[in-house]
Amino acid sequence: MALLEVEDLRVAFGASTAVDGVSFAVDEGKVVGLVGESGCGKSVTSLAVMGLLPKGRPAKGRKASQPVQAAASEPVGPAGGGLKAAAAVPQAAPATGRRSRRGGGADVSGRAAFDGVDLLSLAPAAMRRRRGRDLAMIFQDPLSSLNPVVPIGRQITEVLERHRGLKGDKAAKEAAHLLDRVGIPDPTRRLKEYPHQLSGGMRQRVLIAIAVACAPRLLIADEPTTALDVTIQAQILELLKDLVDTEGTALLMITHDLGVVAGLCDEVNVLYSGRVVESAPVRELFARPTHPYTIGLLGSIPRLDLGIHEPLTPIRGSIADVIRWKDGCAFAPRCDRVAEACVAGEPALRGDLHAHRCVRAEEIA
Amino acid sequence: MLRYTVKRLLQLSVALLGLSLLLFAWFKALPGGPENRLLPENATDQQREALRASLGLDDPVWVQYGEFLGRIVRFDFGSSLSSGRPVATELADRLPATIELSLAAMVIAVGIGIPLGYLAAKRRGTWLDFTAVSGSLLGTCIPIFFLAAMLKVVFAQELGLLPTAFRLSAGAQYTDVTGLRVLDGLITGEFDVAWDALLHLVLPAIALSSIPLAVIVRITRASVLDVVGEDYVRTADAKGLKPATIRGRHVMRNAMLPIATIIGLLLGSLFAGAVLTESVFAFGGIGSFVYQATTERDYPALMGFILVIAVFYVVINLIVDLSYGFLDPRVRVRK
């Protein structure tokens, strides 16, 4: 049994569906990538697993398994507060990113079994005991993800205090050790410093130190390198790889960067418009991309071996050009290989180890 | 931190100097110089000239300003025209009552306003939020003297729950230490006096707290709403911290920054705004003195009052600035 098994996860913000039946699994000690462009639902997926989405109305609570479209009667916009993914989703209300007046809670359904326990149906207090201990998260923006008025030492020791019962000098010592572990020089002095006194790379290291403080079995990293310089990106990825290799931590890597995927992941799930469109072991995916979206993503990577005057090949259109999955392939409006069959109904995810959601896969290959 | 403090002090003394210049100009611009007030109406022009010379009113303006500055630095505002006593003494006698009243009002406003604003933010869109927001709108709309009079009529006169006026019951014996009666009672161990003073303080303090309470509720609500959407609050949540820890360490510590500023400004305005409340409850503070001085054109008294209020504002601003440095490490380090 996998450490984390996500089954048919659905997340809706009012009338707009951000995640539309996503399933994947993360094995112990493995690195699994969730890949896709902004708004495909990858961040929302990770927040749902962590239980960090603003709560929806209790009547349609977490265990509810009816289709999410049922919530369409309430005209709320997508939730704000960093849930950028909700903004560009198919049926998203025009009020992009604006907070709805009544909190704009998320309706979450499906299953996210961690070690056999469904995280989505856990009581909030029970989930709080697990968060930061069994599963931890590293966020995208190290500049805004640390509290500006609390010394970083305290921001580390509070996790140690909460989950490992360490206090005072013991906690400070362990915090210094953690900073040292993530490659911050002179850790004892750094403990007293505030986030604004550290560089972006340093702050991301601090966030990683916080995340690994209780040796979690699952680490979720939501675009941990997006806000950093390229050289720092490499260092941070190296650090994550090292942590996974030495501690045996499972890592769910959320990224839009296929370079990161190639260097780090064992398996990849490509998301488009709230659904998995292709999933495969990493080598297989790069060797035989099947879904036109994956092919497009790979084609749009700048290549060193092409002349500087060669134009890049982008995927045409934008993620806003979609049709609803039940009417056909959501990617069809942007697809170069689109045919009648593509919009004739809901495309199924086919295949086992290397699965894809394209009715014309065989013709394309 | 020391550098920051010194810098702030220098800036504040410049502000005070500017104020003294304004006051001096105002004083000069008043029609009919003091000689008309001091001499009988049938005085000759020669007598007037002589008095003007002896008062130094014929000296160059900058010399006069220098002397004026010298006097106010020594808290010498001259004598009140109506009572004949030195203005400084009059103010010193009445200041403690106003300070006590303002502080009591602020304790109410902060004690209720911050928790209420927090709850309104956390339960945004519920009846509680609606009540808090519309209540605070009402609070800023009701004129203070009306509210004070209504409180007095209902709770003191009709229901007889609390005293109608003054700072202590008639004939009460007390020992003066700080002039703040409740505090004095606690210091000297005269708890009956402290209790009596507290009862007399309740209604005026509630009346005076209405506006700051309303403002604090709104600022707190807005500030908390701002902060709970921040990424670092989500990080705190992702750590699995207890809700109380998230609230105290991560939300409120950041939300307090704008609230602290507003509290400082409000305290200054309370001090000046106590005039109306004090006159309704015959509280015997600076307010009734100023009211009298205004109606009788007692300029030295008014000038003394304005200066005291200005110094008060300036000191509070300094405290707010320093507390900002304490609350926000980013301010502390900035050169």
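Note that this is a predicted model, so its numbers are computed, not measured.

Peer 1: For the overall build of chain B, give the residues involved together with the corresponding values.
Peer 2: Across its full length, chain B carries 14 helices and zero strands. Counting only C-alpha atoms and orienting by the principal axes, one finds that chain B spans roughly 85 × 60 × 40 Å. Residues classed as buried in chain B amount to 34% of the 335 residues present. Within chain B, counting contacts between residues at least 6 apart in sequence, those at least 24 apart form 71% of the total.

Peer 1: Provide a residue-level description of the overall build of chain A, including the pertinent values.
Peer 2: Within chain A, the secondary structure is distributed over eleven helices and eleven strands. Partitioning the contacts of chain A with sequence separation of at least 6, the portion at a separation of at least 24 is 66%.

Peer 1: I'd like to hear about the interface of chain B and chain A, residue by residue, with values.
Peer 2: Taken together, the contacts link 22 residues of chain B with 32 residues of chain A. Of all the secondary structure elements, the ones that give two or more residues to the side of chain B that touches chain A are helix H10 (231-238), helix H11 (243-280) and helix H14 (329-333) of chain B. Residue contributions to the side of chain B that touches chain A peak at six residues, all from H10(B).

Peer 1: Give a detailed account of the nonpolar core, specifying residues and quantitative values.
Peer 2: Within soluble globular proteins, side chains that are nonpolar generally end up buried alongside one another. In terms of nonpolar packing, the biggest core is built from 167 residues, with A:Val11, A:Ala48, A:Ala209, A:Leu218 and A:Met253 touching the most fellow members. Excluding anything up to four places from it in sequence, A:Ala209 contacts A:Ile156, A:Leu178, A:Leu179, A:Arg181 and A:Val182.

Peer 1: Got a sec to walk through the domain arrangement of chain B? Specific residues and values, please.
Peer 2: Residues and elements named next belong to chain B. According to the domain assignment, chain B consists of domain 1 (2-73) and domain 2 (94-333). On a C-alpha basis, the centres of domain 1 and domain 2 stand 35 Å from each other. Each partner contributes to the interface: domain 1 provides eleven residues, whereas domain 2 provides eleven residues. Here the side of domain 1 that touches domain 2 takes nine residues from helix H1 (residues 2-29), the largest share from any one element.

Peer 1: Residue-level account of the sheet that holds strand S11 (residues 355-356) of chain A, with values.
Peer 2: Ordered by their spatial adjacency, seven strands build an open sheet running S6-S7-S8-S3-S9-S10-S11 (chain A), and the pairing between neighbours is mixed. One side of each edge strand has no neighbouring strand; the edge strands of this open sheet are strand S6 (135-138) and S11 of chain A.

Peer 1: Before we move on, can you summarise the packing of helix H7 (residues 144-158) of chain B against helix H9 (residues 191-228) of chain B with the specific residues and values?
Peer 2: When two helices pack together, you describe them by how their axes are tilted relative to each other and by the distance separating the axes. All names here are of chain B. At a minimum axis distance of 9 Å, the contact between H7 and H9 shows a crossing angle of 150°. Classified by the angle between their axes, H7 and H9 sit roughly antiparallel to one another. The element H7 and its partner H9 pack so that their crossing is right-handed. Two secondary-structure elements touch here, H7 through Ile-144, Leu-147, Ala-148, Leu-151, Lys-152, Phe-155 and Ala-156 and H9 through Leu-203, Pro-204, Ile-206, Ala-207, Leu-208 and Ser-210. Classifying every residue of the contact of H7 with H9 by side-chain character gives eleven nonpolar, one polar and one charged.

Peer 1: Could you give an account of helix H8 (residues 181-188) of chain B, naming the residues involved and the relevant values?
Peer 2: Side chains of residues three or four places apart in an α-helix project in the same direction, reflecting 3.6 residues per turn. Residues and elements named next belong to chain B. What H8 keeps buried is the set Arg-181, Val-182, Asp-184 and Gly-185. The buried side chains of H8 occupy one side of the element, clustering within an arc of 165° when seen end-on. Contact partners of the buried residues in H8: helix H5 (87-122) and H9. Count one or two residues on from H8 and you reach Gly-189, which has phi positive near 85°.

Peer 1: Tell me about H10(B), and name the residues and values.
Peer 2: Residues and elements named next belong to chain B. Extensive coverage of H10 is indicated by the burial of seven of its eight residues. Among the residues making up H10, those that are buried are Tyr-232, Val-233, Arg-234, Thr-235, Ala-236, Asp-237 and Ala-238. Positioned one or two residues after H10, Gly-240 has a phi angle of 75°, which is positive.

Peer 1: Would you mind going over the pairing of strand S9 (residues 267-272) of chain A in detail, with residue names and values included?
Peer 2: All names here are of chain A. Counting buried residues in S9 gives six out of six residues, a clear majority hidden from the surface. Both faces of S9 are covered, namely the face carrying Glu-267, Asn-269 and Leu-271 and the face carrying Val-268, Val-270 and Tyr-272. Direction of pairing for S9 relative to strand S10 (residues 275-281): antiparallel, over a ladder of six bridges. From the neighbouring strand, Val-268 faces S10, where its bridge partner is Ala-280. Counting the residues between successive antiparallel strands, the hairpin from S9 to S10 contains two residues, one of them, Ser-273, with a positive phi of roughly 50°.

Peer 1: Residue-level account of the sheet that holds strand S5 (residues 117-118) of chain A, with values.
Peer 2: All names here are of chain A. Read across the open sheet, the four strands follow the order S2-S1-S4-S5; overall the sheet is antiparallel. Either end of the sheet is taken by a strand with one partner, and the two such strands are strand S2 (16-26) and S5. Examined bridge by bridge, strand S4 (residues 106-114) and S5 share two bridges and lie antiparallel to one another. Residue pairing for S5: Ala-113 is matched across the bridge by Asp-118.

Scoring rules and cut-offs
- Residues numbered from 1 in each chain as written.
- Chains lettered and ligands numbered in written order.
- Predicted model: local features only at pLDDT ≥ 70, side-chain atom pairs only at ≥ 80, totals over all residues.
- Helix = DSSP H or I, 4+ residues; strand = E, 2+ residues; numbered from the N terminus.
- Buried ≥ 20, exposed ≤ 12 C-beta atoms within 10 Å, placed from the backbone.
- Contact = placed C-beta atoms within 7 Å.
- Core = buried A, V, L, I, M, F, W, Y, C linked by C-beta atoms within 7 Å.
- Domains from an automatic or database assignment.
- Pairing = 2+ DSSP bridges.
- Axes fitted to C-alpha atoms, helices over the stretch in contact; angles between N-to-C directions.
- Parallel < 35°, antiparallel > 145°, perpendicular 65-115°, else oblique.
- Left-handed = near helix turned anticlockwise from the far one by under 90°.
- Nonpolar A, V, L, I, M, F, W, Y, C, P; charged D, E, K, R; others polar.
- Arc of directions from axis to C-beta.

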